[in-house]
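Okay, here's what each chain looks like letter by letter:
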Amino acid sequence: MMQCLKYPLNHTTVRRLLCTLTIPSLNLLPSTAAYIQSLNACVASKSLRLGQEIHQHILKNSPIIEDSIILEKLTRLYLEFGKIRHARKLFDEIPGPGVIVWNSMIRAYAWRGPFEEAIDLYKRMIGSGVLPTKFTFPFVLKACSGLCDGDEGEKIHGRVVKAGLELDGFVATALVDLYAKCGDLDDASEVFCMMCWRDVVAWNAMIAGFSLQGHCDETMWLVKVMQKSGVNPNSSTVVSVLPMVALTGALNRGKEIHGYCVRRNFNADVTVGTGLLDMYGKCGGLSYARRVFERLMVANEVTWSAMIGAYAISEHMKEALELYDHVLVTCMKKPSPVILGGALRACAKLIDTSRGRRIHCQTLKLGYASDLIVGNTLLSMYAKCGALDDATKYFNEMNLKDTVSYGAIISGCVQNGNSRQALDFFRSMNSSGINPEIATMLGILPACSHLAAHLHGTCAHGNAIVRGFTGDTAICNALIDMYVKCGKVGIARQIFDTMSNRGYNLME
């Protein structure tokens, strides 16, 4: 059947196949056999254009397009080239698709999204009477991981057990990845321990899960056990561990990992290099970050934003803005929201309102007017620069607002001595149905303190209780400060006595 691959795939070859090829043993019409052979050749030679020409030829022979084999071949052709919409239209026309083409469609959505479509197709597949295989489950579980949908994942896990596939290496790895990304490390560990064999992908899923949850000691212990079991960490392992190192500020441990990368030649990988750069920046190793940055052969948006962020964290704001200018001039006409955010934070630190306004103009020209991340950063910049009128005006013009937006404007009002306006924004936030976060409460409680507004403070205290924030030490300290300044020392003392972690506060 693959005889055509002996010839170069071109218009002449396809025409010959369409006209002459027959497969009597499969009881197919000559034209059907030719289509199958030609489509196989297009996939093998990665020629989408000729595949589309064959599709057009098929459409001229409408009776043949009803053939499920041809439809499946066309579906897989378009999936091979990432044309999911075209593939889906053809897939929906297949009468009784087989498990292979079901798996192909589910896999495409699991990798490229939307993830909901992968889960929906999985359910339709089962509803049509087609049983999922060991190839189906890893794909649909990956979609659940992408959505952090642990509930749906547990249902699929139950079907995995019924199918007797819970010990399959690929299925088990997908389950570990699902539970780890959903933060359910107990279930992830249980599945992991039941596995008969564990490759580097399975280990990485566990390590990434513990790293994401900030379990530093457990993460490094897993890396050591992984190596003792004969599995060497790869670049993905390193990328999983570095954020945890950055979070804990463990610079020496980060240097050890960097040394391992050099020995394994991982540092040439842009993803690993960017991770090392980000880690050094957050651990205060700016000179190391700069060295890693300069040695990277290729830099992407994430790399540039990490270097700008490293300068900003290390209080080198002028260098951060110089690098931002360099990015605009040399390599990036449209910087990402993350890069813009780094530059705006540098402006805020320098209290450079003029520069911040220029970047604001750039965001409008670049089409980021409705981007919530950029909007919140602009709002925070104006507030921290003391331009409260500009901050208020921009806040009122924002089409989309979230808890970060309200937190920024409330903190800005308090920092600029306008506590009463902060309370007005807090009331507006509550009436809009947006729930405050801890950062918002830490902004509004000082406003109540400044105004000695006992009633407002009591309402904020009730809000903190309802949201479960009263276990946070910073919230308790702010409440104590508020009640003391409102003359309610007895209530302040009660809060102090219930604190499990007192640290430093006003009552000691």
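1. Brief notes about the pattern of salt bridges
Inference 1: Counted according to the given criterion, the structure contains 13 salt bridges.
Inference 2: Across the pair glutamate 117 and arginine 88 runs a salt bridge whose closest N-O atoms are separated by 3.1 Å. Remark: arginine 88 occurs in helix α6 (residues 84-91) and glutamate 117 occurs in helix α8 (residues 115-127); sequence separation between them is 29 residues.
Inference 3: On the basis of relative accessible area, arginine 88 is assigned to the buried category, the value being 13%.
Inference 4: Here the salt bridges do not stand alone but share partners, grouping Arg88, Asp92, Glu117 and Arg124 into one network.

2. Notes on the confidence of the model for the protein chain
Inference 1: Here the protein chain averages 85 in pLDDT, while 91% of its residues score no lower than 70.
Inference 2: Ignoring residues within four places in sequence, the model shows residues 1-9, a span with pLDDT below 50, making 23 contacts including any to other chains.
Inference 3: Segment residues 504-508 is flagged for pLDDT under 50; beyond a separation of four residues in sequence, or across chains, it makes 14 contacts in the model.

3. With respect to the packing of helix α10 (residues 150-162) against helix α11 (residues 169-181)
Between two packed helices, the angle of one axis relative to the other and the distance separating the axes together describe the packing.
Inference 1: Remark: α10 packs on α11, axes separated minimally by 11 Å, with the N-to-C direction vectors making an angle of 160 degrees. Classified by the angle between their axes, α10 and α11 sit roughly antiparallel to one another. Crossing handedness for the pair α10 and α11: left-handed. Residues Gly153, Glu154, His157 and Val160 of α10 lie in contact with α11, whose contacting residues are Val171, Leu175, Leu178 and Tyr179.

4. A closer look at the state of the cysteines
Inference 1: Applying the stated rule across the entire model yields zero disulfides.
Inference 2: Looking at cysteine 361, it has no disulfide partner, and the nearest cysteine sulfur is the one in cysteine 347, 12 Å off.
Inference 3: With relative accessibility at 44%, the residue cysteine 361 sits in the partly exposed group.

5. What to know about the nonpolar core
Inference 1: Core analysis: the biggest nonpolar cluster contains 155 residues, and Met307 and Ile444 have the highest contact counts within it.
Inference 2: The element best represented in this core is α11, accounting for eight residues.
Inference 3: Discounting chain neighbours no more than four positions away, the residues touching isoleucine 444 are Ile410, Ala422, Leu423, Phe426 and Ala460.

Thresholds, definitions, all that
In every chain, residue numbers begin from 1 and rise along the written sequence. Residue-level local features of this predicted model are given only where pLDDT is at least 70; pairs of side-chain atoms are given and counted only at 80 or more, and the full residue set underlies all totals for whole chains, interfaces and linings. In computing side-chain properties, one takes all heavy atoms of the structure into account and sets aside hydrogens as well as water. Salt bridges are defined as contacts in which a side-chain nitrogen from Lys or Arg sits within 4 Å of a carboxyl oxygen from Asp or Glu. Strands are runs of DSSP state E lasting at least two residues, helices are runs of H or I lasting at least four, and both sets are numbered from the N terminus onward. Buried residues are those whose accessible area, probed at 1.4 Å on protein chains only, stays under 20% of the maximum for their type, while exposed residues exceed 50% and partly exposed ones sit between those limits. pLDDT is defined as a per-residue confidence score from the predictor, taking values between 0 and 100. In what follows, residue pairs with any heavy atoms lying within 4.5 Å of each other are defined as contacts. For helices, the fitted axis covers only the stretch in contact; all axes are lines through C-alpha atoms, and the angles between them, taken along N-to-C directions, range from 0 to 180 degrees. Each angle gets one of four labels, with under 35 degrees taken as roughly parallel, over 145 as roughly antiparallel, 65 to 115 as roughly perpendicular, and the rest as oblique. Working rule for handedness: look at the near helix, and if it is turned counterclockwise from the far one by less than a right angle, call the crossing left-handed; if clockwise, right-handed. Cysteine sulfur atoms that pair up within 2.5 Å are treated as a disulfide. Here, the term nonpolar core denotes a set of buried Ala, Val, Leu, Ile, Met, Phe, Trp, Tyr and Cys residues that are joined through side-chain atoms within 4.5 Å.

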